[in-house]
Amino acid sequence: MLRQIHRWPGLIAALLIVLLALSGAALSVFPLIERLAAPQAASDLSVADLTARVAAAHPGLEQIRRAPSGRVVAYWFDGGQPGAAVIDPATGQDAGSPDPIAAELWLTNLHRSLFLGDTGRITMAAGAAAMLVLALSGAGLVARRMGGWARWFGRTRGPWAGRVHVELARFAVGGLLLSSLTGLWMTASTFALLPDDPAEPDFVTATVGSAPLPLAQIAALAETPVAALQKLSLPAAGDPTDVFTLKTDGGSARIDPGTGAVLSSAAPTGWERASEIAQMLHTGQGALVLGLILGLMALSVPALALTGAEQWLATRARGRRIKGNVAAGSAETIVLVASEGGSTWGFARTLQTALMAAGQPVHSAPLSQFDPARYGRAKRVLILAATYGEGEAPAAARGVLTRIRALTQAPSAPLAVLGFGDRAFPDFCGYATDLAQAAAGIGWTELLPLAMVDRQSPQDFARWGRDLGDVLGLPLELSHLPDLPQTHMLRLTYRRDYGAEVQAPTAILRFALPHQGLWARLTGQGFARFHAGDLLGVLPEGSAVPRFYSLASSARDGFVEICVRRQPGGLCSGQLTALQPGATVTAFLRRNPEFRPAKGRAPVILIGAGTGIGPLAGFLRANRSHRPMHLYFGARTPTSDLLYDAELRDWQNDGRLTSLTTAFSRHGRRAYVQDCLRTDAARIARLIAGGAQIMVCGGREMAAAVRMALTEILAGTGQSPAMLKAEGRYAEDVY
């Protein structure tokens with residue numbers, strides 16, 4: 001049994017574990033590089049002295065941060081423009097750019113998430129879990145092979161692969177255990193599964209009327225050595241109520257600039273300290289020698305994978321066939337799928353089943369595996385391609401267009417492209433169109449003209465299937481039923497109505513949480529674990545196609561809440577806005593991890609209009625730590641459709657909502673949210689320079705106007721919405 005436990009994680013997750021190990025080993029050298037490159041502060045230098053030196057060089061100084069490596073970075077505003085630099089503590093002068101080394105940033109994103117966001121983080125966490133199982137079971141197998149734990153370091157015998165495998169395992173097992181455990185801890189922290197949020201001192205204001213003291217006379221700054229500093233935020237210029245916020249290894253404090261008094265403080269919790277230790281052990285930040293040792297141990301993983309695979313191959317015959325899916329070189333029909341959410345694969349399975357029933361050998365694969373050289377017997381290639389975002393390729397299919405255009409000779413098997421999308425979007429089936437055009441550009445013979453399926457329509461798909469059957473001379477009937485997750489009956493408990501006076505009936509609908517079994521609660525399935533911004537799929541009566549609504553609540557709130565506006569002729573919106581308390585709907589949950597505030601204390605700018613307030617209200621409701629959140633909300637009039645009007649006042653009073661800016665298109669000085677953004681351009685730029693994340697929810701036209709306004713605001717700062725999106729600081733939920 002122990003051997004089986006050790007074998008299968010290694011075989012299944014070998015490449016992932018090797019990738020984790022190699023990228024981790026490469027990253028282990030960067031803390032040392034940063035330490036050697038960063039000017040270090042003298043042991044007797046105080047935070048007050050450092051701040052005075054930096055402020056003299058940069059009068060608009062706003063914040064100073066110190067990394068575990070000793071690197072000091074300052075952030076400031078000069079003439080309305082943000083700036084940042086590594087600082088020489090001895091002089092306060094600039095000593096270099098604070099931007100990370102490109103290779104380090106690339107490796108970090110690879111190591112943490114495979115460039116796939118939360119999906120990638122979960123994948124890498126699975127790899128860490130597999131590494132943990134391998135390390136534990138491997139240690140047991142080594143002890144068994146050596147004749148017991150007491151003979152752990154005895155001489156090895158047997159074939160070379162076995163000997164090398166054991167020697168490497170004995171060297172590396174301790175480091176792999178530590179790396180996998182700390183990696184899993186950090187993943188749990190990232191997904192808020194641990195109560196390790198930083199302890200924050202109470203919000204306070206400075207004594208109005210007191211002139212700021214010289215920094216040297218503020219005891220908390222003068223008595224704190226730079227070696228203990230983590231972050232110092234200075235009072236905002238022109239705000240007499242603002243205070244210093246000092247964070248050190250010992251905790252955080254808010255300090256009155258006029259009296260020097262510590263107005264409030266908070267010490268790190270045990271969970272917070274544990275997470276800091278886990279991060280130090282895993283990354284080597286603050287423990288350079290240990291980080292390098294762990295990196296060396298990680299380098300043994302590829303050799304462990306190879307020697308382990310060699311031992312397994314010595315006792316097992318090679319070659320396995322996927323049931324119902326012939327090898328690429330033997331198939332007459334090649335079905336390639338580009339899917340973002342997975343629904344297109346359901347259509348591909350329906351197509352493959354029908355073709356196989358007609359006697360056709362079929363090979364189905366992701367479009368990312370496109371390789372004409374492998375399709376030696378192919379008589380046709382069928383591409384089923386969904387479109388993501390603004391006419392973009394699904395993440396897994398990026399780069400395929402370039403590969404098609406680079407072909408020097410078109411494949412001999414003719415091509416048919418079937419696009420999947422939503423006609424409500426201007427770039428309906430944009431990626432499928434690009435594929436068809438790229439194929440035509442290299443002279444690829446067309447089996448069928450480009451066809452499109454609107455909103456997963458079974459009728460559109462069946463119509464295309466009949467056309468395909470006619471070309472192939474086969475009676476092909478594609479009867480597709482959407483693959484849906486397990487649905488639940490949700491009972492409406494509360495509703496609040498808006499919009500009647502402007503002929504736009506809108507409702508906030510709150511449903512009771514459905515019962516979740518123990519297994520669902522343990523694994524987070526169904527409605528056991530969800531966040532504001534996730535999607536509620538509702539199956540309207542008379543249709544098998546779900547409609548999706550962004551959630552305005554999380555599982556922690558104890559209810560399921562959405563905002564719905566009745567659309568003219570809308571089947572689902574009409575049914576939902578007619579619901580009365582006690583009525584039920586059939587629904588399921590779909591995760592949307594890309595649309596939620598990133599973890600941390602950086603400010604969040606929320607921008608929405610109409611029912612787009614839904615998930616933004618959910619973020620505010622969940623902001624129990626009083627993270628700075630600024631809401632820009634557009635409605636028609638303050639009396640008709642200012643959704644969550646009462647809650648917004650309450651959240652502003654209790655600190656969950658830092659600021660509220662409203663724009664009314666049919667009241668007073670008529671304006672839209674993008675107009676308010678331009679009015680607040682200086683503050684928006686300052687927040688973004690301070691690391692703010694921007695989250696936009698609402699209609700496509702509103703989102704486009706917001707992007708244009710932000711582009712204007714950020715002009716000249718070296719930033720743009722596209723760049724912020726690439727950094728994970730700009731997210732949209734657009735309908």
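This write-up is about the structure you can find in this document.

Sheet faces and side chains relate simply in a regular strand, where the side chains alternate between the two faces. The element strand S16 (residues 535–539) is extensively covered by neighbouring structure, given that 5 of its 5 residues are classed as buried. Burial along S16 is two-sided: Leu535, Gly537 and Leu539 and Leu536 and Val538, pointing in opposite directions, are all buried. Pairing of S16 with strand S17 (residues 547–550) involves 4 bridges; the strand directions are antiparallel. What sits directly across from Leu535, in S17, is Ser550.

Before going further, it helps to spend a moment on the packing of aromatic side chains. Between two aromatic rings, the relevant description is the distance of the centres plus the angle of the planes. As enumerated under the stated definition, the model contains 10 aromatic pairs in all. Arranged with centres 5.8 Å apart and planes meeting at 25°, the rings of Trp185 and Trp271 form a pair that is stacked. Taken as a pair, Trp185 in helix H7 (residues 160–190) and Trp271 in helix H9 (residues 270–283) lie far apart in primary sequence, 86 residues in all. According to the relative accessible area criterion, Trp271 is partly exposed, its value standing at 40%. On the basis of an interplanar angle of 80° and a centroid distance of 4.9 Å, the ring pair of Phe347 and Phe461 is categorised as edge-to-face. With Phe347 in helix H12 (residues 343–357) and Phe461 in helix H15 (residues 458–472), this residue pair connects regions lying 114 residues apart in the sequence. We note that Phe347, like Phe461, is buried.

Okay, the sheet that holds S17 next. Think of a sheet as strands paired side by side through backbone hydrogen bonds, with each pair either parallel or antiparallel. Sheet architecture is open: 6 strands sit in the order S17-S16-S19-S14-S15-S18, paired in antiparallel fashion. Each end of this open sheet is capped by a strand with a single partner; those strands are S17 and strand S18 (559–565). Between one strand and the next, the sheet's axes are offset by a mean angle of 40°, whatever the strand orientation. As paired elements, strand S14 (residues 488–498) and strand S15 (residues 506–512) share 6 bridges and run antiparallel to each other. Bridge pairing links Leu492 to Phe511 in S15. Contacting S15, S17 and S18, helix H18 (residues 613–621) runs over the sheet at an angle of about 150° to S18.

Turning our attention to helix H4 (residues 47–57). Taken together, the buried positions of H4 are occupied by Val47, Ala48, Leu50, Thr51 and Val54. Buried residues of H4, viewed axially, fall in a sector of 160°; they line one side. Contact partners of the buried residues in H4: strand S1 (61–66), strand S2 (72–78), strand S3 (81–87), helix H8 (219–222), strand S5 (229–233) and strand S6 (244–248).

With 12 residues, helix H5 (residues 102–113) ought to run about 16 Å at 1.5 Å a step, and its terminal C-alpha atoms sit 16 Å apart, in line with that. Among the residues of H5, those classed as buried are Glu104, Leu107, Thr108, Leu110, His111 and Ser113. Backbone geometry just downstream of H5 places Leu114 in the positive-phi region, at approximately 55°.

Further remarks concern unusual backbone geometry. As a rule of thumb, non-glycine residues mostly have phi less than zero, and peptide bonds are mostly trans rather than cis. Of note, the phi angle at Ala192 is positive, near 60°, even though the residue is not glycine. Within the secondary structure, Ala192 is located in the loop between H7 and H8. The exposure class assigned to Ala192 is exposed, which follows from its relative accessible area of 53%. If you check the backbone angles, Cys429 has positive phi at about 55° while not being a glycine.

Before going further, it helps to spend a moment on the side chain of Gln516. Here Gln516 shows up in the loop between S15 and helix H16 (518–523). On the basis of relative accessible area, Gln516 is assigned to the buried category, the value being 10%. Looking at Gln516, its side chain comes within polar contact range of the main-chain nitrogen of Phe527, at 3.3 Å. When sequence neighbours within four positions are dropped, the list of residues in contact with Gln516 reads His488, Arg521, Gln525, Gly526, Phe527 and Ala528.

Before going further, it helps to spend a moment on the nonpolar core. Residues Leu336, Leu367, Phe370, Val381, Ile383, Tyr431 and Leu435 are the most contacted members of the largest nonpolar core, which totals 31 residues. When contributions to this core are tallied by element, the ones reaching two or more residues are strand S9 (333–338), strand S11 (380–386), helix H13 (400–405), strand S12 (415–421) and helix H14 (430–441). Per-element tally for this core: the top contributor is H14, with 5 residues. Aside from chain neighbours lying at most four places away, what touches Tyr431 is Ala338, Leu367, Ala385, Ala386, Thr387, Gly391, Glu392, Ala393, Pro394, Ala397, Val400 and Leu401.

For the rest of this paragraph, the subject is the packing of H12 against H15. Interhelical geometry of H12 versus H15 gives an angle of 35° and a closest axis separation of 12 Å. Seen along the crossing, H12 lies across H15 with a hand that is right-handed. Every residue of H15 that contacts H12 at Phe347, Thr350, Leu351 and Leu355 is listed here: Phe461, Trp464, Leu468 and Leu472. The residue makeup of the contact of H12 with H15, split by class, is 7 nonpolar, 1 polar and no charged.

The rules we used
- Residues numbered from 1 in each chain as written.
- Predicted model: local features only at pLDDT ≥ 70, side-chain atom pairs only at ≥ 80, totals over all residues.
- Heavy atoms only, no water.
- Buried < 20%, exposed > 50% of the residue type's maximum accessible area, 1.4 Å probe, protein only.
- Helix = DSSP H or I, 4+ residues; strand = E, 2+ residues; numbered from the N terminus.
- Pairing = 2+ DSSP bridges.
- Phe/Tyr/Trp six-rings, centres within 6.5 Å; stacked < 30°, edge-to-face > 60°.
- Axes fitted to C-alpha atoms, helices over the stretch in contact; angles between N-to-C directions.
- Contact = heavy atoms within 4.5 Å.
- Arc of directions from axis to C-beta.
- Expected span 1.5 Å × (residues − 1).
- Polar contact = N/O pair within 3.5 Å; in protein donor to acceptor, adjacent residues only side chain to side chain.
- Core = buried A, V, L, I, M, F, W, Y, C linked by side-chain atoms within 4.5 Å.
- Left-handed = near helix turned anticlockwise from the far one by under 90°.
- Nonpolar A, V, L, I, M, F, W, Y, C, P; charged D, E, K, R; others polar.

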